[in-house]
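Descriptive analysis of the structure
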Amino acid sequence: MSALLIVFAAAILVLFLGINKPESAMKWPSVILLMLAGLVALSGVDLATWLTVPESMISYSSMDRLFVALLCGIGALVIAVFDALSSKGSDRLGLMMLSLTGAVMLVGQENLVMMFLGIEVMSIPLYVLAGSDKQNIFSNEAAIKYFLLGAFSTAILLLGSAFLYGATGTLVLQSMTHKASMYAHFGVYPPMLVAGLVLLAVGLLFKVSAVPFHFWAPDVYEGSPTRSTAFMATIVKIAGFSALLRVTMAFEPMSLWYQNAVAILAILSIIVGNMMGLVQSSPKRMLAYSSIAHAGYMLLVLLLVGQAQFEADSILYLYLVAYSIASTGAFAWIEWATQRSGKMDFTMFNGLSSNRWAIVNMVIVFLSLAGIPLTAGFAGKYYLFASAFSIHPLAVGFALLGTLLSIAYYFRAFRFAFADTQESTPNAKFSWVLMLVSVAILLVGCAPMWFMP
Amino acid sequence: MNTVFQQVDISHYIYLSTVLFSIGLFGVLFRRNAIVLLMCIELMLNSVNLLLTALSTYMGDAGGQLFVFFIMVVAAAEAAVGLAILVMVYRNTRNTTVNFLSNLKG
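This report concerns the structure included in the present document. (Residues numbered from 1 in each chain as written. Chains lettered and ligands numbered in written order. Predicted model: local features only at pLDDT ≥ 70, side-chain atom pairs only at ≥ 80, totals over all residues. Heavy atoms only, no water.)

Structural notes on the pattern of salt bridges
Residues and elements named next belong to chain A. If you walk through the whole model with that rule in mind, you get seven salt bridges over all chains. Among the salt bridges present, the one from Asp-64 reaches Arg-246, with a minimum N-O distance of 2.8 Å. Taken as a pair, Asp-64 in helix H3 (residues 62–81) and Arg-246 in helix H10 (residues 226–250) lie far apart in primary sequence, 182 residues in all. With respect to class, Asp-64 is no different from Arg-246; both count as buried. Note that Arg-285 and Glu-222 form a salt bridge whose closest N and O atoms lie 2.7 Å from each other. Residue Arg-285 is found in helix H12 (residues 283–299), and its partner Glu-222 is found in helix H9 (residues 216–223); the two are separated by 63 residues along the sequence. Of the two residues examined, Arg-285 and Glu-222, each falls in the buried class. (Salt bridge = Lys/Arg side-chain N within 4 Å of Asp/Glu carboxyl O. Helix = DSSP H or I, 4+ residues; strand = E, 2+ residues; numbered from the N terminus. Buried < 20%, exposed > 50% of the residue type's maximum accessible area, 1.4 Å probe, protein only.)

And the structure:
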């Protein structure tokens, strides 16, 4: 709860103090504030004891607090790792932190009202951020596509909530579990409950861009400014999957009924994400498809819910740590390579190998996304696949196949980097934060136990 | 003594709001003008409001009506941002249909 208040206060503070200041002036203060919020969430101190919040609305368990710390940490990382863009005002930083507020709300929700509010508070600033490059027609297109499809998916999610409310008579997730177990006991599900659950799931799957609700993601990711893309690809995925997990846990008594549907969606996401990733000519678009594939892997976590021998939430947490650090790093490297070469397609990596430090760090980031041992991505995938194998071997088989395919397109960047080109390569500098990303990836990869609650 | 609203069976409210929602849904799928799309999305949200209010009255639980207030506030914020985005797009393209939005492909 305290972390939520700190993030919100920081967002308002940055919005108002930074009205006429360049972004570079507010960049490090916002990073420090977000780190502070993350530390408060980790430590679990309650700074606002005077504030009583009903447990049926929002509450943070120790696991939720870890998710909050991850959100704040990744938010700080995204702000720190990208160059300040605007010299006129730092409203974009404020918007990012407002969006983060929504994500933190979404992690702690116990109630469909809070879930809706969290999703919207998270999404509305993101629509603005997607279009924050106002003169750029691609950014415009990304913003309007993201807005229309986001609002559309919210409406579907709301209809689902209303149906669930009608079927169970409550908006509190915990009370819904009682009703669901009652229906599961008799083996009959009223159509309103089924329709509500399906519509709610569709709304949430839209947000995390799982197939077949993924079609907006490549366009939006490609068109938005890279910093906003990195923010979308990490923060929305973390918060969205935490909400999906919460809903799945609430309807766990009905797990036999939806298990196969989840597996099919996961397999579809993995196949479509990886196959389409192979044929892209723009690295940003390739990463968009890769994030769809990652959403597919993470959907496998939902199969573990209700199995006493696995802790679905800590497996998901480790995967999200690995995915979001590497994803932020990958987008940051793409931005760096674009600025260096001025190109948007894979040729941006041409001749990169002459810059030793850059290429070593970049290789680590992409290896982690692909899931090569000793990187964070491998640790996340290993725990996930090993646990899911006993539940649904077929889906894990497809996931392994998808991982193999994904190596092909992640390594395509290296083919260009190591190609022997005659082009002169300006030796652009990169920030030390990018090295920190690689160090974090190796740390998580070598000692995943430290990061698994 | 029941009000007129309570005498109407709950199923009618459910059918009505589902039909309204579907009109909005098909509007989003088949219309091409961004402003009309925005209106269709509002229609979808408002049909949910109607359903929630009816269910809330039917079950004698205030939670649904509370939800409606949140939905209305958020819908207003969303419409404000959406129209701002539309103005930004219009300045660059002099057009409000979504057909021209096909620069991003791959």
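Here's the deal with the interface of chain B and chain A
Tallying the contact residues gives 43 residues for chain B and 42 residues for chain A. Three residues, Phe-67, Glu-78 and Leu-104 of chain B, lead the burial of chain B against chain A; their summed loss comes to 19% of the area buried on that side. For the pair chain B and chain A, the interface holds zero salt bridges. Taken together, chain B and chain A are joined by four residue pairs in polar contact (both at pLDDT 80 or more). Mapped by element, the contributors of at least two residues to the side of chain B that touches chain A are helix H2 (10–30), helix H3 (34–59) and helix H4 (63–93) of chain B. Split by residue class, the side of chain B that touches chain A holds 30 nonpolar, ten polar and three charged. (Contact = heavy atoms within 4.5 Å. Buried area = accessible area lost by both parts, 1.4 Å probe. Polar contact = N/O pair within 3.5 Å; in protein donor to acceptor, adjacent residues only side chain to side chain. Nonpolar A, V, L, I, M, F, W, Y, C, P; charged D, E, K, R; others polar.)

A few points about the layout of surface pockets
Gaps between atoms show up when a probe of the same size as a water molecule is rolled over them. Its volume calculated, the largest pocket comes out at about 790 Å³. Lining the largest pocket are 29 residues, with Met-35, Ala-69, Gly-73, Ile-74 and Ile-325 of chain A positioned closest to its centre. The set of elements that each furnish at least two residues to the lining of the largest pocket consists of helix H2 (23–43), H3, helix H14 (312–341) and helix H18 (432–446) of chain A. Of the voids in this model, the second largest pocket is the one considered here, and its volume is about 580 Å³. Asp-91, Arg-92, Gly-131, Ser-132 and Lys-134 of chain A are the residues nearest the centre of the second largest pocket, which is lined by 20 residues in total. Counting residues per element, the ones that place at least two in the lining of the second largest pocket are helix H4 (91–107) and helix H5 (112–130) of chain A together with H4 of chain B. A per-element tally of the lining of the second largest pocket places H4 of chain B first, with six residues. Partitioned by chemical class, the residues of the lining of the second largest pocket number eight nonpolar, six polar and six charged. (1 Å grid on protein atoms, 1.4 Å probe; cavity = no way out; pocket = protein on both sides within 12 Å on 5 of 7 lines; lining within 4 Å. Points joined across faces, edges and corners; volume = space filled by probe spheres on them.)

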